[in-house]
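As a plain string of letters, each chain reads:
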Amino acid sequence: MGFNLYIKNKEVEMMKKIRELDDRGILQNMTVSELKKELTHTINNKQNVSFVAFTNTIIADLKKENRYGTASAYKDALNFLINYSRKKDVSFSEINVAFLKLLEKRYIAKSNNHYNGMAAYLRAIRALYNRAIAIGYAQEYQYPFRRTTLDKFKYQIRTEKTKKRAVTKDVIKQIEAFDSENESLQKYKFYFLFSFYTMGMNMVDIAYLRRKNIADNVLTYKRAKTGKAYEIHLGEKTWNILRYFDYDKKRRNDFLFPIIKVPGNGEKVRNQIKNAISNTNKALGKIATSLGLEIKLTTYVSRHTWATVADKSGIDRRIISKGLGHSNLQTTEIYINDIVSNDDLADANKLITGD
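These notes cover the structure that comes with them. In this text, all values refer to a predicted model and were calculated from it rather than measured experimentally.

Some thoughts on the packing of helix 4 (residues 68-85) against helix 5 (residues 97-108)
Next up, step 1: Their axes nearest at 9 Å, the elements helix 4 and helix 5 cross at an angle of 85 degrees. When the axis of helix 4 is compared with that of helix 5, the two are roughly perpendicular. Together, Phe80, Leu81, Tyr84 and Ser85 of helix 4 and Phe99, Leu103, Arg106 and Tyr107 of helix 5 make up the contact between the two elements.
Next up, step 2: Class assignment for the residues of the contact of helix 4 with helix 5 results in six nonpolar, one polar and one charged.

This is the structure in C-alpha cells:
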C-alpha cells in the first residue's frame with residue numbers, strides 16, 4: 001500500500017510539472033529525453049535535500065513570519081537529532097525506526113533525561129517529516145512514525161505519566177508568607193503568586209502585560225497562545241504585587257513587570273521571556289527548599305494549582321475551562337483528571353464508604 005502511494009505521488013508530481021511546462025509554452029518543443037531529464041531533475045532536487053537542510057529552511061521561514069515559538073521548538077528538535085545521532089547531516093531516508101530507537105536509547109541513557117522531554121523533540125521531528133511529505137521533499141512510504149494500530153512495526157513516541165504538579169491552598173499560604181532579604185527571590189515569588197491570582201496566567205502572557213491593560217480594577221488581555229480575550233477582576237493581593245513593581249509610577253505603555261527589558265524583534269523578546277522563566281524556576285526551587293516542600297515548584301505549578309483548587313471547591317468545570325483558556329471542555333477534563341492524585345482518590349473513597 002505504501003509503495004503504491006509512493007508511485008501515485010510520483011505520478012501527480014510529474015503531471016504537475018508537465019502542466020507547468022505546457023503553460024510556459026515550451027512543452028511542445030521538447031524531445032522525450034529532454035522532458036525526462038526535466039522531470040527527474042526537478043524531483044531529484046527535492047529528494048536530495050536533507051532533513052537538516054529542510055528544517056533550517058523551515059526555521060528561517062517561520063522567523064520571517066514572526067513565529068518564533070514554533071521556530072524555537074524546531075531548532076531544539078534539530079539540535080536533539082544532531083546531538084544524539086552524532087551526525088551533522090541526516091537524510092529523510094535515514095530517519096527510520098532503527099534510527100529513532102537509537103536516538104531514544106542514547107537520550108534515556110542519561111540519568112536526568114525523561115521520555116516526556118524526548119517526546120517533545122520527536123513530535124516536532126514528526127511534524128517536520130509530515131510537512132516535507134506534503135510538499136514533496138520526503139516520501140510517504142518511508143514515513144517511520146506510527147499513526148494507527150495497524151502501523152505496529154513503526155515507531156511510537158513514548159511518554160510517561162507526569163507527577164502531580166499542584167500544591168494545596170496551605171502551601172500557597174506558606175509561599176505568600178515567605179519573606180527574604182534577597183530581592184530576586186521576592187520578585188520571583190510574586191511572579192508565581194500573580195499567576196495564581198490571575199487564574200493560572202502563564203509567564204508569556206504576564207511578560208506582555210502593560211499598564212494600559214488595567215482599567216477600572218479590571219485586567220484585560222489576549223492570551224498569546226490562542227488570541228482569546230480575558231477579563232480578570234483584581235483583588236487586593238494582586239494589587240499589592242502590582243504596587244511592589246511600582247505600578248503607580250508606570251506610564252500607559254510600560255510593562256507591568258521587568259521581564260521584557262530590551263524591546264526588539266520577536267526572537268529577542270522570546271529569549272528574554274525564556275530567561276525570566278528559567279530564573280523564576282530556579283528561585284522557586286530555592287523557596288521550596290526553604291519551606292521544606294517536596295514538590296518541584298515551577299511557574300507551571302501555579303496554573304495546575306489554580307485548576308485543582310477550583311475543582312475541589314466545586315466550581316463548574318466549564319468555568320475552570322474558560323479560566324484556563326482551553327478551547328474545549330474535553331481538554332479541561334483531561335487536564336484536571338491528570339492532576340488528581342492517588343491521595344485524592346483515597347480521600348474520596350473514605351468519604352464515600354465511611355471507612
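Read on for the rest.
Remarks on the pattern of salt bridges
Next up, step 1: If you walk through the whole model with that rule in mind, you get eight salt bridges.
Next up, step 2: Its salt-bridge partner being Glu65, residue Arg67 comes within 3.4 Å of it at the nearest N-O pair.
Next up, step 3: Overall, Glu65 belongs to the partly exposed group, its relative accessible area being 46%.
Next up, step 4: For Arg147, the salt bridge goes to Glu140, with nearest N and O atoms at 2.5 Å.
Next up, step 5: Owing to a relative accessible area of 16%, Glu140 belongs among the buried residues under this scheme.

Section: unusual backbone geometry
Next up, step 1: Here Asn66, not a glycine, exhibits a phi torsion of approximately 60 degrees, which is positive.
Next up, step 2: Take Asn66: it is sitting in the loop between helix 3 (51-64) and helix 4.
Next up, step 3: On the basis of relative accessibility, which here comes to 56%, the residue Asn66 falls in the exposed class.
Next up, step 4: Positive phi, normally seen in glycine, also occurs at Asp246, with a value near 60 degrees.
Next up, step 5: In this fold, Asp246 is placed in the loop between helix 10 (236-244) and helix 11 (266-291).
Next up, step 6: By relative accessible area, which is 40% here, Asp246 ends up partly exposed.

With respect to the side chain of Asn113
Next up, step 1: Within the secondary structure, Asn113 is located in the loop between helix 5 and helix 6 (115-134).
Next up, step 2: Among the polar contacts made by the side chain of Asn113, one reaches the side chain of Tyr84 at a distance of 3.3 Å.
Next up, step 3: Excluding residues that lie within four positions of it along the chain, Asn113 makes contacts with Tyr84, Tyr107 and Ile108.

Reading the values: rules and limits
Residues numbered from 1 in each chain as written. Predicted model: local features only at pLDDT ≥ 70, side-chain atom pairs only at ≥ 80, totals over all residues. Heavy atoms only, no water. Axes fitted to C-alpha atoms, helices over the stretch in contact; angles between N-to-C directions. Helix = DSSP H or I, 4+ residues; strand = E, 2+ residues; numbered from the N terminus. Parallel < 35°, antiparallel > 145°, perpendicular 65-115°, else oblique. Contact = heavy atoms within 4.5 Å. Nonpolar A, V, L, I, M, F, W, Y, C, P; charged D, E, K, R; others polar. Salt bridge = Lys/Arg side-chain N within 4 Å of Asp/Glu carboxyl O. Buried < 20%, exposed > 50% of the residue type's maximum accessible area, 1.4 Å probe, protein only. Polar contact = N/O pair within 3.5 Å; in protein donor to acceptor, adjacent residues only side chain to side chain.

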